[in-house]
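Residues per chain, in single letters:
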Amino acid sequence: MESWKKYTQDPRIAYFSMEIGLKAEIPTYSGGLGVLAGDTIKSGADLKVPMVAVTLLYRKGYFEQKFSSDGWQQESEIEWQPEKHMELLPTKTLVTIGKRDVKVQAWLYRVKSPTGGVVPILFLDTDIPGNQDEDRTITHQLYGGDLDYRLKQEIVLGIGGARILKALSFDIKRYHMNEGHAALLTLELLNDAKLPLEETWDERNSWNTQQVIEQCVFTTHTPVPAGHDRFPYSLVEELMPEEVSIELLKDLAGNDELNMTMLAMNLSRYINGVAKRHGEVSQNMFPGFEIHAITNGIHPFTWCSPYFVELFDRYLPGWANEPELLVRVDNIPDEEIWETHLGAKALFFQYIKEKTGIELNPELLTIGFARRAATYKRGDLIFNNMEKLLEIGAGKLQFIFGGKAHPRDEDGKRVIQRIIQQAEKMKGKIDLVYLENYNMDVASRFIPGVDIWLNNPMRPLEASGTSGMKAALNGVPNFSVLDGWWIEGHIEGVTGWSIGPPPTEIDEEVGRANEDLDDMYRKLSEVIIPLYYNDRSGWINVMKNAIGKNAYYFNTHVMMRRYVTEAYIR
Ligand SMILES: *Cc1c(COP(=O)(O)O)cnc(C)c1O
């Protein structure tokens, strides 16, 4: 029997995502969206949920990041060998792009759980002899190229993905679109819907769309209109001739432009945002739809440092596949929590020394900040009043930063450069390291190895955020703006600390930066620094609450069970 056949015996949920992050060696992700997809699939495997995932192969990855001497980001292509990780399947399919047929092949990767569960992932690839050179590059680069390139990738993902599942004879009961990138799969399903011939055109269309709606689930991740993928119909007509009538498409995806979010929403039976707040924000943005909320999570075993794995195994056996057990964290003695944390911190500081030559002081309160360097995340906010920061933190604080800016995001690169230049200015008073090439490997050392995890995005732009959940699992409390998941996880002074005002009806960021900054400085100097240095057992209590009141719930096991019961089988 061919290798994939055993996955086609039973009905499955097909999970489509533009990026999937499983580990650093497979560089097919850029940040939170991809890591969430990977964590979702891993929990799916642990829980034996019948799934198959579909994404693109990206032979050149996202990119590798280095800094020039003046702190400017330099990018290079990543070389990796898919054949070392996955198996090329013999079955191919075709999609029409422009005037040409483009061959699409799939690589099979298996996510295997210790429970015996397996989720297969199909990585789609157009770099095949026989395809024209231009078409061979379609699946090379994640978020590379222009609008044409992006639409071609989305044709391969959505239409190519749906076709390859058919060609391999998968029996798909639900299609889950993780963000709008895969929404073109609905057009393939529309074409497949059985047409009762005697009906009129309108009746047929409405019957067909109903068939598709029954099969689809859509998760939106974007809290602002500008973040949704849109394509001019002229480009759609040029690249997708006759796939579907433009008239019908305008009905489903918007009159002026093809809006992938509209298309996905119009053809899904269940739609959700990725945190309670984000569900509300999305509901306001799209009043005509019913939008639910399922808060994101993280895969517990993947994001637990080896030190805490050992500790949890001893006191809370079974925690990795039943993270609810972390609610009993108070069974672990304080000293062991602290020693375990110091182990993770020392290991990370050793790594920093090897990478940069810089020796940080393990006694100092260490603030971590790492994520995509998008401007809304405001990585440089804390440096807006240097005088104040030095007054509060000299000799008491140090910072570690990480994160990549998108290659075409000049503003994001300027944020990085500004942070790196701060390091020079604060030298000898407050140490700061900006680590190169933040990825899943760096993240897994970084997040458990600091004392608090800082997050200060502009509200309401952090749809969920997940790195703070990784921190909580490792006993690293969050210090964050009340946005995304933190609105649900935050208990002031108990699980961590907020920055700035509570969320309001209309979250307009204008004028809020100073409010956030003042609150950040005040809490650091009056609450966080004194607690860390003067009340160690009080500090450890917050660490335990991060584990017992945040991590036990904000994980992809809990999240996956909700998708199954609320979206997939209902
Ligand atoms: C978890 C993770 C993210 C997401 O971080 P946020 O703070 O939630 O944006 C981004 N990049 C990597 C490598 C991660 O592991």
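From a predicted model like this one, the values you see are computed outputs, not experimental measurements.

We now examine the overall build of the protein. Across its full length, the protein carries 20 helices and 19 strands. Relative to its full complement of 570 residues, the protein shows a buried share of 61%. With the model as given, the accessible surface of the protein reaches about 22000 Å², and the carbon-plus-sulfur share is 49%. Taking the average place of the 61 positive charges on the side chains of the protein and the average place of its 80 negative ones, the gap between the two points comes to 4 Å.

Turning our attention to the site of the ligand. Every one of the 14 residues lining the ligand counts as a neighbour, but Arg-371, Lys-377, Thr-466, Ser-467 and Lys-470 are closest to it. Here Arg-371 contributes a side-chain N or O atom positioned 2.8 Å from an oxygen atom of the ligand. Here Lys-470 contributes a side-chain N or O atom positioned 2.6 Å from an oxygen atom of the ligand. Expressed as a share of its isolated accessible area of 390 Å², the protein-covered part of the ligand is 96%. Of all the secondary-structure elements, those providing two or more residues to the shell around the ligand are helix 1 (32-46), helix 15 (440-446) and helix 16 (467-473). When the residues that make up the shell around the ligand are grouped by side-chain class, the tally is five nonpolar, six polar and three charged.

Looking now at the sheet that holds strand 5 (residues 87-97). Pairing is mixed across the open sheet formed by nine strands, whose spatial order is 5-6-7-2-1-8-9-12-13. Two strands bound the open sheet, and with one partner strand each, they are strand 5 and strand 13 (292-293). In the packing of helix 3 (residues 147-167) onto the sheet, contacts are made with strand 1 (12-17), strand 2 (51-56), strand 5, strand 6 (100-112), strand 7 (118-125) and strand 8 (172-178), and the angle to strand 5 comes to roughly 125°.

Moving on, we get to the nonpolar core. One finds Phe-312, Ile-400, Phe-446 and Trp-539 to be the most contacted residues of the largest nonpolar core, which totals 85 residues. Top contributing element to this core by residue count: helix 18 (residues 512-534), with eight residues. Mapping this core onto the domain boundaries places at least three of its residues in each of domain 1 (12-268) and domain 2 (301-554). Sequence-distant contacts of Phe-312, that is, excluding residues within four places in its chain, are made with Cys-304, Pro-317, Trp-319, Leu-326, Ile-332, Leu-473 and Ile-547. By size, the runner-up hydrophobic cluster in this structure holds 69 residues, among which are Val-54, Tyr-62, Val-102 and Met-177.

Moving on, we come to the domain arrangement of the protein. Entries for the protein in the domain assignment read domain 1 (12-268) and domain 2 (301-554). Each of domain 1 and domain 2 has a C-alpha centre, and these two points are 33 Å apart. Residue-level contacts link 30 residues of domain 1 with 29 residues of domain 2. Summing both sides of the interface, domain 1 and domain 2 together bury roughly 2400 Å²; the carbon and sulfur share of this comes to 56%. Broken down residue by residue, the surface that domain 1 buries against domain 2 is led by Gln-65, Phe-67 and Trp-72, which jointly contribute 25%. Counting the contacts that link domain 1 with domain 2 gives one salt bridge. The closest approach of N and O atoms between Lys-413 and Glu-75, which form a salt bridge, is 2.8 Å. Connecting domain 1 to domain 2 are twelve residue pairs in polar contact (both at pLDDT 80 or more). Of all elements in the fold, only helix 1, strand 3 (64-67) and strand 4 (73-76) reach the threshold of two or more residues within the side of domain 1 that touches domain 2. For the side of domain 1 that touches domain 2, the residue count by class is twelve nonpolar, ten polar and eight charged.

Attention now goes to the packing of helix 3 against helix 4 (residues 185-192). Any two packed helices are characterised by how steeply their axes cross, that is the angle between the axes, and by the distance between the axes. Viewed as axis vectors pointing N to C, helix 3 and helix 4 meet at an angle of 50°, and their least axial separation amounts to 6 Å. Taken as axis vectors, helix 3 and helix 4 run oblique relative to one another. Packed against helix 3, whose contacting residues are Gly-158, Ile-159, Ala-162, Arg-163 and Lys-166, the element helix 4 presents Leu-185, Glu-188 and Asp-192 at the interface. The residue makeup of the contact of helix 3 with helix 4, split by class, is three nonpolar, one polar and four charged.

Another aspect to go through is a negative patch on the surface. Among the surface-exposed residues, Asp-202, Glu-203, Glu-247 and Asp-251 lie close enough to one another that they form a single negatively charged patch. Looking at the negative patch, the elements that each hand over two or more residues are helix 5 (201-215) and helix 7 (246-253). Inspection of the secondary structure puts Glu-203 in helix 5. Overall, Glu-203 belongs to the partly exposed group, its relative accessible area being 43%.

Calculation notes
- Residues numbered from 1 in each chain as written.
- Predicted model: local features only at pLDDT ≥ 70, side-chain atom pairs only at ≥ 80, totals over all residues.
- Heavy atoms only, no water.
- Helix = DSSP H or I, 4+ residues; strand = E, 2+ residues; numbered from the N terminus.
- Buried < 20%, exposed > 50% of the residue type's maximum accessible area, 1.4 Å probe, protein only.
- Areas by Shrake-Rupley, 256 points an atom, 1.4 Å probe, with all protein chains shown as cover.
- Lys, Arg positive; Asp, Glu negative; His and termini not counted.
- Charge placed at Lys NZ, Arg CZ, Asp CG, Glu CD.
- Near = heavy atom within 4 Å.
- Polar contact = N/O pair within 3.5 Å; in protein donor to acceptor, adjacent residues only side chain to side chain.
- Nonpolar A, V, L, I, M, F, W, Y, C, P; charged D, E, K, R; others polar.
- Pairing = 2+ DSSP bridges.
- Contact = heavy atoms within 4.5 Å.
- Axes fitted to C-alpha atoms, helices over the stretch in contact; angles between N-to-C directions.
- Core = buried A, V, L, I, M, F, W, Y, C linked by side-chain atoms within 4.5 Å.
- Domains from an automatic or database assignment.
- Buried area = accessible area lost by both parts, 1.4 Å probe.
- Salt bridge = Lys/Arg side-chain N within 4 Å of Asp/Glu carboxyl O.
- Parallel < 35°, antiparallel > 145°, perpendicular 65-115°, else oblique.
- Patch = residues over 30% accessible without salt bridge, like charges linked within 9 Å, V, L, I, M, F, W, Y side chains within 5 Å.

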